[in-house]
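Topology and contacts: notes
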Number of protein chains: 2
Amino acid sequence: MERNGHFQLTYMITANSRSDATKLAESIRVEQSVEMPIDALPAGASRALGEIVSINPSNEEDFWMVSISYPNFLAGGDITQLINILYGNISLYPGIKVVNANDHYFNGHFNGPSFGLKGIRELLNRKDQKPLSCTALKPVGLSANELAERARLFARGGIDIIKDDHGVTDQQSASFHDRVSACVQAVRTGEQHSGKKTLYFPNITTSPVKILSRFQEAVELGADGVLICPQLAGLETLHEIAKFNQIPIMAHPSFSGGYIIHKTSGFTPSFYYGKLWRALGADAIIYPNAGGRFTLSVDTCLEMNEQMRIPFCGFNPALPTPAGGIHLNTIPDLLNLYGHEICYLVGGSLYQHPSGIEKATKQFTQLMEAHDE
Amino acid sequence: MERNGHFQLTYMITANSRSDATKLAESIRVEQSVEMPIDALPAGASRALGEIVSINPSNEEDFWMVSISYPNFLAGGDITQLINILYGNISLYPGIKVVNANDHYFNGHFNGPSFGLKGIRELLNRKDQKPLSCTALKPVGLSANELAERARLFARGGIDIIKDDHGVTDQQSASFHDRVSACVQAVRTGEQHSGKKTLYFPNITTSPVKILSRFQEAVELGADGVLICPQLAGLETLHEIAKFNQIPIMAHPSFSGGYIIHKTSGFTPSFYYGKLWRALGADAIIYPNAGGRFTLSVDTCLEMNEQMRIPFCGFNPALPTPAGGIHLNTIPDLLNLYGHEICYLVGGSLYQHPSGIEKATKQFTQLMEAHDE
């Protein structure tokens, strides 16, 4: 039963017996609230203590599902503090994995995507339901003009979204200002050839203190969206930028591996990318796809896709964007697997193509268009 | 050999053979620099590619030490981008652990602690070489005045540092402004009884966008230092605040577990807390101590203590601050183990003490003073 004025978090924990599971659940509810021995807790603070709602064996041996409720006032309406309560000190324990939080956790604090899947489609003037195409502008080391020339070719090929590589930031070889100016212009030129809209998302990831002005610079230079690595720039930074509601944000998983690749700790990828990042306002969410050079399973990817789009706290659906080792020749299988409410990010396979970037991109977008809705 | 204009990173990787280790090292140097197939790399960007310096078997079977060098320009002088190169996308791979970065990685970008171990001793007017005492002000849920009363008792007991619990932020029960105002005054009152200086470090952790103004508010209200959870507020946020050089920063490990508790991935705790956080400007560094409710070994803790204090890029030594389940009765053993260039953080054991906070604190500080240098 849900308690008024409380939110509820669910963990999968590792324990040999119900008694051990109960001990660990007791530790969690204390660690994540008052963080002191209960026998020394003053009466005035007892309402702050987390409460165990349920402890149930999971389907897998030695794993238990534990739900704990916390009073809303613990977070003081602060998103960073909500994340602290979710997985702050217990990130230092082995055998605790975040699997869910109920709607009371998100409601009234998080806003979800400002644009999301539908908003990005609208910016693209796409009335059909075909899947979207995306690429990464790279490599770092090229000049602003060299990168812009590549952007122009992608746009001529009719790609939907060009995002900067997450390693392209503000290097001497191509400063942020020069690169974004040149690429915006190049994309507008390329669009005239394709007759289609192409969105350019420069990477604004930098110090949390500087990122807001870099975001504004991107907007002023005519960028259609931005790329952010939330785990590098600070998770709530994503939310702060989403609140501007100006242009869409594509979130990149760099530096987030420690939270999602371990079986017995961290977060389920579905919760972390699909719920938390969506709640924080990521309009499109890049994740490491199965079958490439990363290690998530197809089932996990399907769960993420679903979680990014299903009704959730009234938030806009986000655009799932699988990436990492997707080749033109694996796209047809992926289309069958993931369907059309998705954006496919292809990088290397387009750069390697013997016919060059423009023709490779055309082939890529034709694969998207050939997909039956 | 070190290459001019390059920095060098060292990883421990998991591989069954030299050939597999070489394949993974190849992946790392590409993933963390140009992130595209080498056969498609344009000539203008070949200088951006990471270079393998060495691949050597480690002392343990199936582990290899890999050193890779990257050109400085890749980071563009941006600390967030330096962290991205260190462990961005490869955080999503299994079997890669950051163990070191050479001085060229840090020099010219990071500043290290503004105060550090010595600066904090100076603020305390401590001419001796005795270890320092610290406690956490809690629990969340008490009013500002109730928390201040506890702070007064700790100060009367002669404690060196009172830091807010990292779960005490800006709750309705005790707003940031009211709490800090009341606690600063209470500590100043308590000091008059003890005749000793006590430093109060409120927790300023919040959204990266709001944290600078909260820091300034803390300074204006007379706080002696601040507590930050860098992994929640954004790693470079720590550096941005340290640059003000106004009051010391104590860094707290909340939400950092995913990076340090896993044997085969993440960072060694010694590198992560001892080098990276020190370089980012943490004056005192709280870490989860061995033997408490966390899982690091005594050897790991000794390595961290050492790494926080040894000569390193000309940075000030940081103050190692072990925490988590340290009790008054385990202090003597810890003193023998860790020595005097350290700060012991004791929370629950002082609140639980049958004689009350002030007497418990007195006992704690007497243990510190009795320690032979």
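Every value quoted in this text rests on a predicted model; they were computed, and no experiment measured them. (Residues numbered from 1 in each chain as written. Chains lettered and ligands numbered in written order. Predicted model: local features only at pLDDT ≥ 70, side-chain atom pairs only at ≥ 80, totals over all residues. Heavy atoms only, no water.)

Notes on the overall build of chain A
The number of helices and strands found in chain A is 15 helices and 13 strands. Taking 21 Å as the expected radius of gyration for a compact globule of 373 residues, we find that chain A reaches 22 Å, a close match to that expectation. The C-alpha extent of chain A, read off along each of the three principal axes, is 70 × 40 × 35 Å. Here chain A holds 373 residues, and 65% of them are scored as buried. Considering only contacts within chain A whose residues lie at least 6 apart along the sequence, 72% involve residues at least 24 apart. Split by element, the accessible area of chain A, about 12400 Å² in all, is 47% carbon and sulfur. (Helix = DSSP H or I, 4+ residues; strand = E, 2+ residues; numbered from the N terminus. Rg over C-alpha atoms; globule rule 2.2 N^0.38 Å. Buried < 20%, exposed > 50% of the residue type's maximum accessible area, 1.4 Å probe, protein only. Contact = heavy atoms within 4.5 Å. Areas by Shrake-Rupley, 256 points an atom, 1.4 Å probe, with all protein chains shown as cover.)

Thoughts on the relation of the copies chain A and chain B
Mapping chain A onto chain B calls for a screw motion: a turn of 180 degrees about the axis and a shift of 0.0 Å along it, with 0.0 Å RMSD after fitting. Taken together, these values place the two copies in the relation of a two-fold axis. Both copies present the same face, since 100% of the interface residues in chain A are matched by interface residues at the equivalent positions in chain B. (Least-squares fit on C-alpha atoms with pLDDT ≥ 70 in both.)

Digging into unusual backbone geometry
Residues and elements named next belong to chain A. The omega torsion of the bond from Lys-138 to Pro-139 falls at 5 degrees, within 30 degrees of zero and hence cis. With respect to the helices and strands, the residue Pro-139 is situated in the loop between β5 (132–137) and α5 (144–156). The residue Phe-255 is not glycine, and still its phi comes out positive at about 70 degrees. With a relative accessible area of 0%, Phe-255 lands in the buried category.

Section: α5 of chain A
Residues and elements named next belong to chain A. Taking 1.5 Å as the rise per residue, α5 with 13 residues should run 18 Å; its terminal C-alpha atoms sit 18 Å apart, in good agreement. Taken together, the buried positions of α5 are Ala-144, Leu-147, Ala-148, Arg-150, Ala-151, Leu-153, Phe-154 and Ala-155. Buried-residue contacts for α5 involve β5, β6 (161–164), α6 (176–194), α14 (348–351) and α15 (357–370). Following α5 by one or two positions, Gly-158 has its phi on the positive side, about 90 degrees. (Expected span 1.5 Å × (residues − 1).)

Concerning the confidence of the model for chain A
The pLDDT averaged across chain A works out to 96; a share of 99% of its residues lies at or above 70. Predicted complex metrics record ipTM = 0.97 and pTM = 0.97. (pLDDT = per-residue confidence, 0-100.)

Focus on the sheet that holds strand β8 (residues 226–228) of chain B
Residues and elements named next belong to chain B. Ordered by their spatial adjacency, 4 strands build an open sheet running β8-β9-β11-β12, and the pairing between neighbours is parallel. In the strand order of this sheet, the two ends are held by β8 and β12 (319–323), each with one partner. Strand-to-strand, the axes of this sheet are offset by a mean angle of 25 degrees, without reference to chain direction. Note that β8 and strand β9 (residues 249–251) share 3 bridges and pair parallel. In the sheet register, Val-226 faces β9, and the bridge partner there is Ile-249. (Pairing = 2+ DSSP bridges. Axes fitted to C-alpha atoms, helices over the stretch in contact; angles between N-to-C directions.)

Digging into the interface of chain A and chain B
Taken together, the contact pairs 79 residues of chain A with 79 residues of chain B. Taken over both partners, the interface formed by chain A and chain B buries close to 6400 Å², and the fraction arising from carbon and sulfur atoms is 59%. Viewed at the interface, chain B and chain A are joined by 3 salt bridges. In this assembly, chain A and chain B are joined by 39 residue pairs in polar contact (both at pLDDT 80 or more). Contributions of two or more residues to the side of chain A that touches chain B are made by α2 (79–87), α7 (211–220), α8 (230–233), α9 (235–242), α10 (257–260) and α14 of chain A. In terms of residue count, α2 of chain A provides more of the side of chain A that touches chain B than any other element does, 5 residues in total. Class assignment of the residues belonging to the side of chain A that touches chain B gives a composition of 34 nonpolar, 31 polar and 14 charged. (Buried area = accessible area lost by both parts, 1.4 Å probe. Salt bridge = Lys/Arg side-chain N within 4 Å of Asp/Glu carboxyl O. Polar contact = N/O pair within 3.5 Å; in protein donor to acceptor, adjacent residues only side chain to side chain. Nonpolar A, V, L, I, M, F, W, Y, C, P; charged D, E, K, R; others polar.)

Points about the sheet that holds strand β10 (residues 266–267) of chain A
All names here are of chain A. Here we have 5 strands laid out as an open sheet, ordered β2-β3-β1-β4-β10, and mixed in their pairing. Every interior strand has two partners, whereas the edge strands, β2 (51–57) and β10, have only one. Inspection of the sheet shows strand β4 (residues 96–101) paired to β10 by 2 bridges, in the parallel sense. For Lys-97, the partnering residue across the bridge sits in β10 and is Gly-266. Against the sheet, helix α11 (residues 269–280) touches β4 and β10, its axis set at about 40 degrees to β4.

What about the packing of aromatic side chains?
For any two aromatic rings, the description comes down to two numbers: the centre-to-centre distance and the angle of the planes. All names here are of chain B. On inspection of all chains with the given rule, the structure shows 43 aromatic pairs over all chains. A centroid spacing of 4.9 Å and a plane angle of 85 degrees characterise the contact between Tyr-273 and Trp-277, whose relative ring orientation is edge-to-face. In this pair, Tyr-273 and Trp-277 are both assigned in helix α11 (residues 269–280), 4 residues apart and thus about one turn of the helix distant. According to the relative accessible area criterion, Tyr-273 is buried, its value standing at 0%. (Phe/Tyr/Trp six-rings, centres within 6.5 Å; stacked < 30°, edge-to-face > 60°.)

Structural notes on the pattern of salt bridges
This structure, assessed with the given rule, holds 39 salt bridges over all chains. The closest approach of N and O atoms between Lys-138 of chain B and Asp-165 of chain B, which form a salt bridge, is 3.9 Å. Of this pair, Lys-138 of chain B sits in the loop between β5 (132–137) and α5 (144–156) while Asp-165 of chain B sits in the loop between β6 (161–164) and α6 (176–194), placing them 27 residues apart in sequence. On the basis of relative accessible area, Lys-138 of chain B is assigned to the buried category, the value being 5%. Between Lys-197 of chain B and Glu-191 of chain B there is a salt bridge, with the nearest N and O atoms lying 3.6 Å from each other. Judged by its relative accessible area of 25%, Lys-197 of chain B falls in the partly exposed class. Three or more residues joined by partner-sharing salt bridges are found here, namely Arg-121, Arg-126, Asp-128, Asp-160, Lys-196 and Glu-369 of chain A.

Here's the deal with the pairing of strand β12 (residues 319–323) of chain A
All names here are of chain A. Burial analysis of β12 places 5 of its 5 residues in the buried class, which makes it a mostly covered element. Burial along β12 is two-sided: Leu-319, Thr-321 and Ala-323 and Pro-320 and Pro-322, pointing in opposite directions, are all buried. When strand β11 (residues 284–288) meets β12, the two strands line up parallel, connected through 5 bridges. By the bridge assignment for β12, Ile-285 is matched with Pro-320.

Here's the deal with a nonpolar patch on the surface
All names here are of chain A. Taken together, Val-298, Leu-302 and Leu-337 make up a surface patch of nonpolar side chains, about 200 Å² in accessible area. Looking at where Leu-302 falls in the secondary structure, it is placed in helix α12 (residues 298–309). Residue class for Leu-302 comes out partly exposed when judged on its relative accessible area of 32%. (Patch = residues over 30% accessible without salt bridge, like charges linked within 9 Å, V, L, I, M, F, W, Y side chains within 5 Å.)

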